[in-house]
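If you want the building blocks of each chain, they are given just below.
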Amino acid sequence: MSFGDPNNPYGQQPQQPPQGQPGYGYPQQAPQGVPPQQGYGYPQQGAQQPGQPYGAYPQQQPGMMQANSGYINVPGLGTVQVASMGRRLGARALDGVVIGILYFIFSAIGVAGAMGAAESAEDCGTYMDPGYEACVNEASAGIIAIAFGSLLVFGLITLLYEWLMVAFVGATLGKMVLGVKVIKENTGQNPGLGGGFIRWIIPMVGAFVCIGQLLVYLSPFFDNSGKLQGWHDRAAGTLVIKK
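Conventions and cut-offs
Residues numbered from 1 in each chain as written. Predicted model: local features only at pLDDT ≥ 70, side-chain atom pairs only at ≥ 80, totals over all residues. Heavy atoms only, no water. Salt bridge = Lys/Arg side-chain N within 4 Å of Asp/Glu carboxyl O. Helix = DSSP H or I, 4+ residues; strand = E, 2+ residues; numbered from the N terminus. Buried < 20%, exposed > 50% of the residue type's maximum accessible area, 1.4 Å probe, protein only. Pairing = 2+ DSSP bridges. Patch = residues over 30% accessible without salt bridge, like charges linked within 9 Å, V, L, I, M, F, W, Y side chains within 5 Å. Areas by Shrake-Rupley, 256 points an atom, 1.4 Å probe, with all protein chains shown as cover. Expected span 1.5 Å × (residues − 1). Arc of directions from axis to C-beta. Phe/Tyr/Trp six-rings, centres within 6.5 Å; stacked < 30°, edge-to-face > 60°. pLDDT = per-residue confidence, 0-100. Contact = heavy atoms within 4.5 Å. Core = buried A, V, L, I, M, F, W, Y, C linked by side-chain atoms within 4.5 Å.

Asks: A description of the pattern of salt bridges should follow, citing residues and the corresponding values.
Replies: Tallying each qualifying case throughout the model produces six salt bridges. Arg-92 is the partner of Glu-162 in a salt bridge, and the nearest nitrogen-oxygen pair spans 3.5 Å. A residue pair is termed long-range when its members are at least 10 positions apart, and Glu-162 in helix α2 (residues 132-168) and Arg-92 in helix α1 (residues 85-122) qualify at 70 residues. Salt-bridge contacts for Glu-185 lead to Lys-227; the nearest nitrogen and oxygen are separated by 2.8 Å.

In structure tokens:
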């Protein structure tokens with residue numbers, strides 16, 4: 001008489017799962033040549049990463065290019081397309097036309113004022129007349145004041161045109177026509193007063209150094225990050241995108 005396993009007082013044999021069939025407590029084995037299915041005992045595809053919200057897909061980091069495809073992820077805007085240099089240079093050319101028209105208008109005003117001052121100098125008489133020298137000096141001072149005043153007003157208008165429009169709208173008239181916009185790279189918002197001024201002043205400073213202004217406008221060609229950021233863009237933390 002056999003009493004069986006002393007550790008099994010009931011004398012019952014443990015049940016073995018049928019061969020080839022899964023049972024409780026046994027990992028399921030996939031047939032040979034068939035990829036394992038998602039289920040109990042197998043890691044699921046797209047498994048949750050540490051620190052990632054449940055059910056979320058991996059997100060592209062802000063400011064990262066998508067394999068230099070011309071698209072970039074910007075906070076608040078999502079994926080946007082970087083503006084091509086053709087559009088940017090075309091917008092710059094259109095802005096040059098606008099500024100040229102303003103320059104012509106204010107130059108005409110300055111010339112008209114100078115001619116009026118010159119006519120007043122003719123009314124001073126001859127050098128033999130009393131007060132002639134004082135009259136001529138006053139007329140000459142008026143001509144100089146009109147010339148410098150016209151240049152000052154013209155410079156102020158061009159400053160406000162480029163600075164304030166980019167600061168608060170993100171685009172000048174030329175950029176609007178060609179569908180180009182300037183944004184802050186880290187927020188996706190308009191550059192604001194500080195960013196707009198930095199972006200304007202750097203090319204202006206470059207204008208005093210031979211072809212420095214032209215180099216600033218062409219500097220996006222030297223950017224190997226794929227973002228086409230010029231030196232003025234990097235200093236201001238801005239990015240030029242296609243609307």
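Having seen the structure, we can now continue with the description.
Asks: With reference to specific residues and values, describe the pairing of strand β4 (residues 238-242).
Replies: Of all five residues making up β4, four are buried, and the element is well covered by its neighbours. Here strand β3 (residues 180-184) pairs with β4 via five bridges, running antiparallel. Considered in β4, the bridge of Lys-181 is made with Ile-241.

Asks: Just give me the short version of a nonpolar patch on the surface, but keep the residues and values in it.
Replies: Taken together, the side chains of Leu-89, Ile-211, Leu-214, Leu-215, Phe-221, Phe-222 and Trp-231 define a hydrophobic patch exposed on the protein surface, amounting to about 700 Å² of accessible area. Checked against the element boundaries, Phe-222 lands in the loop between α5 (212-218) and α6 (231-236).

Asks: With reference to specific residues and values, describe helix α4 (residues 192-206).
Replies: Its 15 residues place the ends of α4 22 Å apart at the C-alpha level, agreeing with the 21 Å of an ideal helix rising 1.5 Å per residue. Every buried residue belonging to α4 is among Gly-192, Gly-195, Gly-196, Arg-199, Trp-200, Pro-203 and Gly-206, and all of these are buried. Down the axis, α4 shows its buried residues gathered within 135 degrees of arc, on one side only.

Asks: Kindly report on the packing of aromatic side chains, identifying the contributing residues and their values.
Replies: For the structure shown, the criterion picks out three aromatic pairs. Note on Phe-222 and Trp-231: the rings are 6.1 Å apart at their centroids and 40 degrees apart in plane angle, and the pair reads as tilted. For Trp-231, a relative accessible area of 43% translates into the label partly exposed. An aromatic cluster is defined as three or more aromatic residues linked by ring pairs; in this entry it consists of Trp-163, Phe-197 and Trp-200.

Asks: Could you give an account of the confidence of the model for the protein, naming the residues involved and the relevant values?
Replies: Confidence along the protein averages 77 in pLDDT terms, with 65% of residues attaining 70 or more. Element-level pLDDT for the protein is lowest in α2, with a mean of 82, against a maximum mean of 97 in β3. Segment residues 38-48 is flagged for pLDDT under 50; beyond a separation of four residues in sequence, or across chains, it makes 11 contacts in the model. For residues 53-58, every residue scores under 50 in pLDDT, and the model assigns this stretch six contacts once sequence neighbours within four places are set aside.

Asks: Account for the nonpolar core, naming residues and giving values.
Replies: Listed in full, the seven residues of the largest apolar core are Ile-72, Val-74, Val-80, Val-82, Ile-183, Leu-239 and Ile-241. Put simply, the parts of the chain that give this core at least two residues each are β1 (71-74) and β4. For Val-82, the residues in contact, after removing those within four places along its chain, are Gly-70, Ile-72, Gly-226, Lys-227, Leu-228, Val-240, Ile-241 and Lys-242. If you look at the next biggest cluster of nonpolar residues, it comprises five residues, including Ala-83, Val-166, Val-180 and Val-182.

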